[in-house]
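# Notes for the structure review
Listed below, chain by chain, are the residues.
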Amino acid sequence: ADREIVLAAVTKNGWALAFAANELKTDREIALATMSQDVRALEYVSEELKADRDFILTAVTQNGWVLKYATKELKGDRETVLAAVTQDG
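This text gives an overview of the structure that appears in the document.

Criteria and thresholds
- Residues numbered from 1 in each chain as written.
- Predicted model: local features only at pLDDT ≥ 70, side-chain atom pairs only at ≥ 80, totals over all residues.
- Heavy atoms only, no water.
- Axes fitted to C-alpha atoms, helices over the stretch in contact; angles between N-to-C directions.
- Helix = DSSP H or I, 4+ residues; strand = E, 2+ residues; numbered from the N terminus.
- Parallel < 35°, antiparallel > 145°, perpendicular 65-115°, else oblique.
- Left-handed = near helix turned anticlockwise from the far one by under 90°.
- Contact = heavy atoms within 4.5 Å.
- Phe/Tyr/Trp six-rings, centres within 6.5 Å; stacked < 30°, edge-to-face > 60°.
- Buried < 20%, exposed > 50% of the residue type's maximum accessible area, 1.4 Å probe, protein only.
- Nonpolar A, V, L, I, M, F, W, Y, C, P; charged D, E, K, R; others polar.
- Salt bridge = Lys/Arg side-chain N within 4 Å of Asp/Glu carboxyl O.

## Here's the deal with the packing of helix H1 (residues 3-12) against helix H2 (residues 28-37)
H2 packs onto H1 with a crossing angle of 20° between their chain directions and a minimal axis gap of 7 Å. Accordingly, the angle class assigned to the pair H1 and H2 is roughly parallel. Regarding H1 and H2, the two cross each other, and that crossing is left-handed. Touching Arg-3, Val-6, Leu-7, Val-10, Thr-11 and Lys-12 of H1 are Glu-29, Ile-30, Ala-33, Thr-34 and Gln-37, all from H2.

So this is what it looks like as structure tokens:
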């Protein structure tokens, strides 16, 4: 599970995360690189990150569509939703 290889791969193609080792799917830097390439590939991010308020808040300020991949609890979190809506217009 070579982190640098996966980071380079998701930077070119976010869908490469689907083939990464599970421990790399919890890596914030890899998840953000994946998101910047193709937000839809966040479906492969770990459930742990999808439930991490700080991660989701950081991510939705970059792309409001990230909220789609957050847990139900975070989708109901006022600050997270406002950040997503503000970013996405």
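This is not the end of the story, as more comes after the structure.
## Quick notes on the packing of aromatic side chains
Tallying each qualifying case throughout the model produces one aromatic pair. Here the aromatic rings of Trp-15 and Tyr-44 are separated by 5.9 Å at their centres, their planes lie at 80°, and the arrangement is edge-to-face. Of this pair, Trp-15 sits in the loop between H1 and H2 while Tyr-44 sits in the loop between H2 and helix H3 (47-50), and the two are 29 residues apart along the sequence. Judged by its relative accessible area of 30%, Trp-15 is partly exposed. Classification of Tyr-44 as partly exposed rests on a relative accessible area of 27%.

## Describing the packing of H2 against helix H4 (residues 53-62)
A packed helix pair is summarised by two numbers, namely the angle formed by the two axes and the spacing between the axes. Where H2 meets H4, the axes come as close as 11 Å, and the angle between the chain directions of the two elements is 25°. With respect to their mutual orientation, H2 and H4 come out roughly parallel. Relative to H4, the crossing made by H2 is right-handed. Contacts between H2 and H4 involve Arg-28, Ala-31, Leu-32 and Met-35 from the first element and Asp-54, Phe-55, Ala-59 and Gln-62 from the second. Its residues placed into classes, the contact of H2 with H4 shows five nonpolar, one polar and two charged.

## Some remarks on the pattern of salt bridges
Tallying each qualifying case throughout the model produces eight salt bridges. The residue Arg-28 makes a salt bridge to Asp-52 at a minimum N-O spacing of 2.4 Å. One end of the pair, Arg-28, is in helix H2; the other, Asp-52, is in the loop between H3 and H4, with 24 residues separating them in the sequence. The partner of Lys-50 in a salt bridge is Glu-47, with the nearest N and O atoms 3.4 Å apart. Of this pair, Lys-50 and Glu-47 both sit in helix H3, three residues apart, roughly one helical turn.

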